[in-house]
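Observations on the three-dimensional arrangement
Residues per chain, in single letters:
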Amino acid sequence: MENTEIMKFIINNLSYVVATLGILMIVMYLLMINLFYNLNYMKKRYKKMMIGVDGANLERLIIGCVDDAKAVSEENQEIKRNIEDIKALLQQAITKVAVVRFRAFEDMGSDLSYAVAMLDSDNNGVIMSSIFGREDSRSYVKPITAGKSSYPMTDEEEDALKQAMRQH
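In this report, we go over the structure that sits alongside the text. Computed from a predicted structure; not experimentally measured. (Residues numbered from 1 in each chain as written. Predicted model: local features only at pLDDT ≥ 70, side-chain atom pairs only at ≥ 80, totals over all residues. Heavy atoms only, no water.)

Here the focus is the nonpolar core. Counting twelve residues, the largest nonpolar core consists of Ala-98, Val-100, Phe-102, Ala-115, Ala-117, Leu-119, Ile-127, Ile-144, Met-153, Ala-160, Leu-161 and Ala-164. Breaking this core down by element, the ones donating at least two residues are β1 (96-102), β2 (113-119) and α4 (155-166). With near-sequence residues (within four places) excluded, Val-100 lies in contact with Ser-113, Tyr-114, Ala-115, Glu-156, Asp-159, Ala-160 and Gln-163. (Core = buried A, V, L, I, M, F, W, Y, C linked by side-chain atoms within 4.5 Å. Buried < 20%, exposed > 50% of the residue type's maximum accessible area, 1.4 Å probe, protein only. Helix = DSSP H or I, 4+ residues; strand = E, 2+ residues; numbered from the N terminus. Contact = heavy atoms within 4.5 Å.)

Let us now look at the packing of aromatic side chains. Enumeration over the complete set of coordinates arrives at one aromatic pair. With 6.0 Å between their ring centres and 65° between their planes, Phe-36 and Tyr-37 make a pair best called edge-to-face. (Phe/Tyr/Trp six-rings, centres within 6.5 Å; stacked < 30°, edge-to-face > 60°.)

Before going further, it helps to examine the environment of Phe-102. Its location among the elements puts Phe-102 in strand β1. On the basis of relative accessible area, Phe-102 is assigned to the buried category, the value being 10%. Remark: the alpha-carbon pair of Phe-102 and Leu-30, spanning 72 residues in sequence, is separated by 102 Å. When residues no more than four places from it in sequence are discounted, the contact partners of Phe-102 are Asp-111, Leu-112, Ser-113, Tyr-114, Ala-115 and Glu-156.

Bridging between strand β3 (residues 125-132) and strand β4 (residues 137-144) involves eight bridges; their strand directions are antiparallel. Bridge pairing links Met-128 to Val-141 in β4. (Pairing = 2+ DSSP bridges.)

As a further point, take the sheet that holds β4. Taken in spatial order, the four strands line up as β1-β2-β3-β4 in an open sheet, and their pairing is antiparallel. Strands at the two margins of the open sheet, each flanked by one partner only, are β1 and β4. Averaged over all neighbouring strand pairs, the angle between strand axes comes to 10°, with direction disregarded. (Axes fitted to C-alpha atoms, helices over the stretch in contact; angles between N-to-C directions.)

Attention now moves to the pairing of β3. Pairing of β2 with β3, which is carried by six bridges, proceeds in the antiparallel orientation. Each residue of the ladder has a partner; that of Leu-119, found in β3, is Gly-125. Counting the residues between successive antiparallel strands, the hairpin from β2 to β3 contains five residues, one of them, Asn-123, with a positive phi of roughly 60°. The antiparallel hairpin formed by β3 and β4 contains four residues in its connecting segment.

Bringing the pattern of salt bridges into the picture now. Considering all chains together, one arrives at four salt bridges under this definition. Residue Lys-87 is joined to Glu-84 by a salt bridge in which the shortest nitrogen-to-oxygen separation is 4.0 Å. Of the two residues, Lys-87 and Glu-84 both sit in helix α3 (residues 58-92), three residues apart, roughly one turn of that helix. (Salt bridge = Lys/Arg side-chain N within 4 Å of Asp/Glu carboxyl O.)

Turning our eyes to something else, we now look at a nonpolar patch on the surface. Taken together, Ile-6, Met-7, Phe-9, Ile-10, Ile-11, Leu-14 and Val-18 make up a surface patch of nonpolar side chains, about 660 Å² in accessible area. For the nonpolar patch, the elements supplying multiple residues, two or more each, are α1 (3-12) and α2 (14-51). With respect to the secondary-structure elements, Phe-9 resides in helix α1. The class for Phe-9 is partly exposed, based on a relative accessible area of 48%. (Patch = residues over 30% accessible without salt bridge, like charges linked within 9 Å, V, L, I, M, F, W, Y side chains within 5 Å. Areas by Shrake-Rupley, 256 points an atom, 1.4 Å probe, with all protein chains shown as cover.)

Quick look at the structure:
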C-alpha cells in the first residue's frame, strides 16, 4: 500500500481508528495508574525499611551489626588466647592421680599404709607414701621426672606410678 491508500483507508474507517486509539489510550492510562500505585506502594515500603525499628535506619542497623560482629570476633580471639593459656597451665597441673593402699606388716589388721602418685601430663610429679605401723608411722616423698624416680621405689609405689601414667 502506498501513502495515499493508507490515507483513504484511515478516512473511510475514521470512526474505527478513533475508537481503537481511544481504547489504546484508556488501556495505557490504566497501566499508568497501576504503575503509579505500585510505585507509591514500593516507595512506602522503602521508606519503612530505611526508617527501620524505633527510628533506626537501615544504614545504622547494618553498621551496628558490623560493629557487633567485630566485637564478637575480638572477644573470640581473647577467648582463644585464654584457652591456650589454660592449656599451657594444664600441662603443668596434676591431672593423673593413683592411690594404692596396702598392709605394710603382716600383723596389722587392715590396709592402713598407702602410696599416692600425682603426675602432670608429662608424667612429672611426686609419689607420697606412708607406712603405718603399731609404734609409728613414716611418710616418704619421691620426685618423679618423665615417669621415673631417682630414688628406689617399693612395689606399691611402682604400682601407683603405673596406674597414674595409664590415665589420660
